[in-house]
Amino acid sequence: MNVGRGEGAQIIQLFGRGVRLKGYDLSLKRSGKTQLPEDVARPKNISVLETLGIFGIHADYMAQFRDFLEEEGLPTNDDRLEFLLPVINNLGTQKLRMIRLKKTINGVSTEFGNAFKKLAPVPTLAAPNPTRDPRTESLQRTPVVLNWYPKIQAMRSGGLLGGDGDAAPNRTHLSNRHVAFLNLDQLYFELERFKAERGWYNLNLTRDGISGLLADQSWYTVMIPAEELAFDSFEKVQLWQEIALALLKKYTERYYKFRKSEWELPHLEYRDLEVDDPNFLSANEAGEAGYYRILIERSQEEIVAKLEELKTLIAKGDLKPWEFQGLKAVWFGRHLYEPLLYLDHKVLEITPVALNKGERQFVEDLKAFHDGSKAFFADKELYLLRNFSKGRGVGFFEAGNFHPDFIVWLLVGGKQHVVFVDPKGIRNLGPTDPKIEFHETIKEIELRLGDASVKLDSFIVSNTPSHLMRSLWGMDKSTMTARHVLFQEEDKDTYVGAMLQAVVAQPPTAPTAVPRSKEARNHG
């Protein structure tokens, strides 16, 4: 390939990319990640074909880029080792109820969004309009953010950046004057090409719709030096064109997923949790137990040796405490696989991403309460599962596609209490944020699903202190607790017990007693 002989976006975009087949039944997934029918065998050595490399002739710039990384003390992928750390599956035979999208809708499979493509009304790309469609408020509340600073730095990489290199990034928008210089026809055709690449044939694009989007600044923010948007050179028009296209692509993807989640919402159901649920770690290509994928510098021989030690402990089922240089194995037998990994530095790259501090603390606090409360659990069973983010975990369209970090099951008296828990800082959230109001929204979902043996709840575990939130929200701690906001640090020894006690003490849900969420109130 005659590519990579000089600096440019094309070769940068190849870094870390691979070549993949279209996959079985056009799934666009590698065969190791696809659930094949029982009568279809995975071809031998196909994984080699699915991980082809890209090579350039006289691709000097790749070597220059690698040298630059080394000079700056940054890691190069050439020296990284892939380490697969297996986990222990604790699911057993207990039937735990999980909220998932139905496998078929009107006889059409929901896998890969097929039912949405074939059965749903065709959405037309448009700017958010909460007045006409209150649900689109979420597209404004979490706008597209395009950071152009890394690209500007790459373009200037012939020398060091000076001046405002450490200044706060400039946040701005394209004005009507900028939009007047753009080639809308080119943007339209590029967006049509982007749509075709994603297989979104059921999305309607119009030139007027694109024009309306660019005239609306409510759905995006651009981070770029102010001088790059100055009207002092016609050469900058091409830059503005690139920015507009990047923004439109990001928004188109978000809008499509938004409409897809909206349409699929009434088709959620309770389903028994299975070992192939996306919240479990992926099995390897041989079909063995799930694993973490850890990338580590080959020079970190001591860490590699310690990981081998941990791997041996897992194989033996020896769940003794293990911690090394900021990496910690968190053992809790009620979590549906072990261990969970916590990482407080960036020497390693772990997939799925390791627990953060608040998440690790919640698991340890839940374990401490479980192990020290034998009387409480005499007639109850507790289970825990980490809920992954978008694409794999359980998310809720009603709360702005909210994906709580954990799912807790408390089984008591023939009922399953399914509790969604999200440890997080909340200083930037308002009291009417969908994540805060989700404790009400989840009750509406419970009523809609209509299974009296399953009760749904949600809690926010705040690492922001209550005294600060009292000043920000203008409400006392008891009022915040009533909204299912718990405080992790100041109530470390009691908040888990308070949460579980509140779950089992709730009276039966009555339709007239369920508070209406903000979104429902907006609908009328």
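Check the secondary structure of the chain and you find 17 helices and 20 strands. The burial tally for the chain puts 43% of its 524 residues in the buried class. When contacts within the chain are restricted to residue pairs at least 6 apart in sequence, those whose partners lie at least 24 apart make up 71%. Accessible surface for the chain amounts to roughly 27600 Å². Of this, 50% is attributable to carbon and sulfur atoms.

On the surface, Phe181, Phe231 and Phe234 cluster together into a nonpolar patch covering about 340 Å² of accessible area. In this fold, phenylalanine 181 is placed in the loop between helix H7 (176–180) and helix H8 (184–198).

So, about the packing of aromatic side chains. Counting across every chain of the model gives 21 aromatic pairs. Relative to phenylalanine 258, the ring of tyrosine 255 lies with its centre 6.4 Å away and its plane at 35 degrees, an arrangement referred to as tilted. Residue tyrosine 255 and its partner phenylalanine 258 are both found in helix H10 (residues 236–264); the two are separated by 3 residues, about one turn of the helix. The burial state of tyrosine 255 is the same as that of phenylalanine 258; both residues are buried. One aromatic cluster in this structure is built from Phe116, Phe194, Trp200, Tyr256 and Trp263. The ring of phenylalanine 231 has arginine 177 sitting right over it, with the charged end atom 4.0 Å from the ring centre. Across the ring face of tyrosine 342, the terminal group of arginine 360 is positioned such that the distance to the ring centre comes to 4.6 Å.

A few words on the environment of lysine 357. Its location among the elements puts lysine 357 in helix H12 (residues 357–371). With 67 residues separating them in the primary sequence, lysine 357 and lysine 424 have C-alpha atoms 9.7 Å apart.

Residues Leu340 and Tyr342 line one face of strand S14 (residues 340–343) and the alternating positions Leu341 and Leu343 line the opposite face, and both faces are buried. As judged from the 4 bridges shared by strand S12 (residues 327–330) and S14, these two strands associate in the antiparallel manner. From the neighbouring strand, lysine 328 faces S14, where its bridge partner is tyrosine 342.

Take the sheet that holds strand S11 (residues 322–324) next. Taken in spatial order, the 3 strands make up an open sheet running S11-S12-S14, and their pairing is antiparallel. In the strand order of this sheet, the two ends are held by S11 and S14, each with one partner. Each adjacent strand pair in this sheet contributes to an overall mean axis angle of 20 degrees, direction not counted. Contacts from helix H11 (residues 301–316) reach S11 and S12, with the element oriented near 175 degrees to S11. Contacts from H12 reach S12 and S14, with the element oriented near 30 degrees to S12.

As a general point, the strands of a sheet are linked pairwise by backbone hydrogen bonds and lie either parallel or antiparallel. Ordered by their spatial adjacency, 3 strands build an open sheet running S1-S10-S15, and the pairing between neighbours is antiparallel. On the outer flanks of this sheet lie strand S1 (80–86) and strand S15 (349–351), each paired with one strand and no other. Within this sheet the neighbouring strands show an average axis-to-axis angle of 20 degrees, counted without direction. As paired strands, S1 and strand S10 (residues 291–297) are joined by 7 bridges and run antiparallel to one another. Residue pairing in the sheet places leucine 85 in a bridge with tyrosine 292 of S10. Packed onto the sheet, H11 meets S1 and S10 and runs at close to 20 degrees relative to S1.

Enumeration over the complete set of coordinates arrives at 1 cavity of 30 Å³ or more. Looking at the largest cavity, its volume works out to about 30 Å³. As for the largest cavity, its lining consists of Ile303, Trp322, Phe324, Gln325, Leu327, His345 and Leu348. By residue class, the composition of the lining of the largest cavity is 5 nonpolar, 2 polar and no charged.

This part takes up the side chain of glutamine 416. Position of glutamine 416 among the secondary structure elements: in strand S18 (residues 415–424). Among the residues examined, glutamine 416 registers a relative accessible area of 10% and is labelled buried.

How two helices pack is summed up by the angle between their axes together with the distance between the axes. Their axes nearest at 11 Å, the elements helix H9 (residues 207–215) and H10 cross at an angle of 105 degrees. One element, H9, and the other, H10, form an angle in the roughly perpendicular class. Of the residues in H10, those in contact with Ile210, Leu213 and Leu214 of H9 are Ala244, Leu248 and Tyr251. Per-class residue counts for the contact of H9 with H10 are 6 nonpolar, no polar and no charged.

Next up on the list: H8. Three- or four-residue spacings in an α-helix give side chains the same orientation, since the helix completes a turn every 3.6 residues. Over its 15 residues, H8 extends 21 Å from the first C-alpha to the last, a length consistent with the 21 Å expected when each residue adds 1.5 Å. Listed in full, the buried residues belonging to H8 are Leu184, Leu187, Leu191, Phe194 and Lys195. Angular distribution of buried residues about the axis of H8 spans 100 degrees; they occupy a single face of the element. Seen from the open side of H8, the exposed residues pointing more than 90 degrees away from its buried face are Phe189, Ala196 and Glu197.

Once that is clear, we can look at the environment of glycine 474. With respect to the helices, strands and loops of the structure, glycine 474 is situated in the loop between helix H14 (466–473) and helix H15 (477–482). The class for glycine 474 is exposed, based on a relative accessible area of 66%. In this structure the C-alpha to C-alpha distance between glycine 474 and proline 431, which are 43 residues apart in sequence, comes to 9.3 Å.

About the thresholds
Residues numbered from 1 in each chain as written. Predicted model: local features only at pLDDT ≥ 70, side-chain atom pairs only at ≥ 80, totals over all residues. Heavy atoms only, no water. Helix = DSSP H or I, 4+ residues; strand = E, 2+ residues; numbered from the N terminus. Buried < 20%, exposed > 50% of the residue type's maximum accessible area, 1.4 Å probe, protein only. Contact = heavy atoms within 4.5 Å. Areas by Shrake-Rupley, 256 points an atom, 1.4 Å probe, with all protein chains shown as cover. Patch = residues over 30% accessible without salt bridge, like charges linked within 9 Å, V, L, I, M, F, W, Y side chains within 5 Å. Salt bridge = Lys/Arg side-chain N within 4 Å of Asp/Glu carboxyl O. Phe/Tyr/Trp six-rings, centres within 6.5 Å; stacked < 30°, edge-to-face > 60°. Lys NZ or Arg CZ within 6 Å of the ring centre and 35° of its normal. Pairing = 2+ DSSP bridges. Axes fitted to C-alpha atoms, helices over the stretch in contact; angles between N-to-C directions. 1 Å grid on protein atoms, 1.4 Å probe; cavity = no way out; pocket = protein on both sides within 12 Å on 5 of 7 lines; lining within 4 Å. Points joined across faces, edges and corners; volume = space filled by probe spheres on them. Nonpolar A, V, L, I, M, F, W, Y, C, P; charged D, E, K, R; others polar. Parallel < 35°, antiparallel > 145°, perpendicular 65-115°, else oblique. Expected span 1.5 Å × (residues − 1). Arc of directions from axis to C-beta.

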